[in-house]
Amino acid sequence: MYFFRKKYKDNLSLLYKMQFMKRALLLAIAAVSMSSVFSVEPHERFAKWSQEFRIHFRDETHSASVFQKWLNNDQFIQEINDRNLTYSLGHNSFSGMDLDEFRRFYLWDSRLPKRSEDRMYDATFLGSDPLPASIDWTANGAVTPVKDQGQCGSCWSFSTTGALEGAFYLKTGSLTSFSEQQLVDCDTVKNGGRDHGCNGGLMDNAFSWIAKNNGLCQEVDYPYVSGVTKTGGTCQTKCSNVKGSDVDHFTDVKPSSDQDMMAALSKRPVSIALEADQREFQLYKSGVFTAACGTTLDHGVLVTGYGSEVDASGKAVDFYLVKNSWSNTWGLNGYIKLGRGINPETDAPYNNGAGQCGLLLQASYPVLTA
């Protein structure tokens, strides 16, 4: 009886070994056949990326889906960077998204009404004095650290507070971070405003609301949460508006004019809208962004200066310095340099004078009460 049991165990052990070897062989064959797509090196970099940006996967199917999108973006990054353009791409927190997913999560609703074209433009700041060769309000202390709008189409509120923060600094000498959440919650149609929380808005509308509200609260007193909740909340009235933050009116910069934009920037940071729904914008890392992009405005940001830099070929490329609201892990620590004036790739004005990604079409800034 003992001999029978031992022989049975030996046979069973041999069977398990054969099955294990068969599975190992099949996996090895699969790995070899898929090596062009699923090589060890991309998987290792994908793992490091997911750890760096704290990407959470629901299950193996979700992980495989994100990996495929990441891999497609990885190949696109290499293709663009191999062309030695004025800019380069790189991985960021959006690398696991395809373009459609990125558009849904981070850009405002393009169906919202645009601002009226029947407007008066204040050109009193244009004088005979030559404009400075460069200006950088970030370095000059008028700009708060880069913020993160999260998965909420509230870019318009960050552009608004950025312009207000710059104006307040120039008025008082104090750099104060203002509340985007107050705008998202309170500047709504329901509460007498004209903006739409996480579904988009316009900076001019927000400037008007701040004027009506006699100012805005500090970020610390009304902190931003919609990036996590993905929606606006109930308007809170417990915080006190910062003294001196009340807006008297706002001024629009004359569209399609680099001269007017630079003149405005020589005095203050300026809110703008642009088209950001391009794959190269999504994965931008450094340099002057001169890629083809349109003028269908879908994202609000803040221009904080302008200047020039020399590209890899030794050619000087002019740019606008733009602060985004996608955290400091995107782009140049949260910023992007957008081409200014003449596109060196085409020797023509960007978008026939509308500016790179349409940045010259819808610029404005608040004027605070004296």
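This one's a predicted model, so the numbers in the text were calculated from it and none came from an experiment. (Residues numbered from 1 in each chain as written. Predicted model: local features only at pLDDT ≥ 70, side-chain atom pairs only at ≥ 80, totals over all residues. Heavy atoms only, no water.)

Q: Please clarify how the packing of aromatic side chains should be interpreted in this entry.
A: The description of two aromatic rings rests on the distance between their centres and on the angle between their planes. Tallying each qualifying case throughout the model produces 23 aromatic pairs. Considering the side-chain rings of phenylalanine 46 and phenylalanine 67, the 5.0 Å spacing of their centres and the 80° angle between planes classify their relative orientation as edge-to-face. Taken together, the residues phenylalanine 46 in helix 2 (residues 40–52) and phenylalanine 67 in helix 3 (residues 60–81) connect sequence positions 21 residues apart. A single burial state applies to phenylalanine 46 and to phenylalanine 67, both of which are buried. One aromatic cluster is present, built from ring pairs that chain together Tyr87, Phe94, Phe102, Phe105, Tyr106, Phe281, Tyr284, Phe289, Trp326 and Trp330. Its guanidinium or amino end placed over the ring of phenylalanine 319, lysine 337 lies 4.7 Å from that ring's centre, counting from NZ or CZ. (Phe/Tyr/Trp six-rings, centres within 6.5 Å; stacked < 30°, edge-to-face > 60°. Helix = DSSP H or I, 4+ residues; strand = E, 2+ residues; numbered from the N terminus. Buried < 20%, exposed > 50% of the residue type's maximum accessible area, 1.4 Å probe, protein only. Lys NZ or Arg CZ within 6 Å of the ring centre and 35° of its normal.)

Q: Sorry, what's going on with the pairing of strand 7 (residues 316–323) here?
A: On any regular strand, side chains alternate: one points to one face of the sheet, the next to the other face. Counting buried residues in strand 7 gives six out of eight residues, a clear majority hidden from the surface. Two successive antiparallel strands, strand 6 (residues 299–310) and strand 7, enclose a turn made up of five residues, where glycine 314 displays a positive phi of approximately 90°. Here strand 7 runs beside strand 8 (residues 335–339); their pairing, made up of five bridges, is antiparallel. Across the sheet, the residue bridging to leucine 321 is lysine 337, located in strand 8. (Pairing = 2+ DSSP bridges.)

Q: Would you explain the pattern of salt bridges in this entry?
A: Pairing between side chains of opposite charge can happen when the charged atoms of each approach one another. Within this structure, the stated rule accounts for ten salt bridges. For arginine 45, the salt bridge goes to aspartate 74, with nearest N and O atoms at 2.8 Å. Taken together, the residues span a long stretch of sequence, with arginine 45 in helix 2 and aspartate 74 in helix 3 at a distance of 29 residues. On the basis of relative accessibility, which here comes to 27%, the residue arginine 45 falls in the partly exposed class. Salt-bridge contacts for lysine 147 lead to glutamate 165; the nearest nitrogen and oxygen are separated by 2.9 Å. (Salt bridge = Lys/Arg side-chain N within 4 Å of Asp/Glu carboxyl O.)

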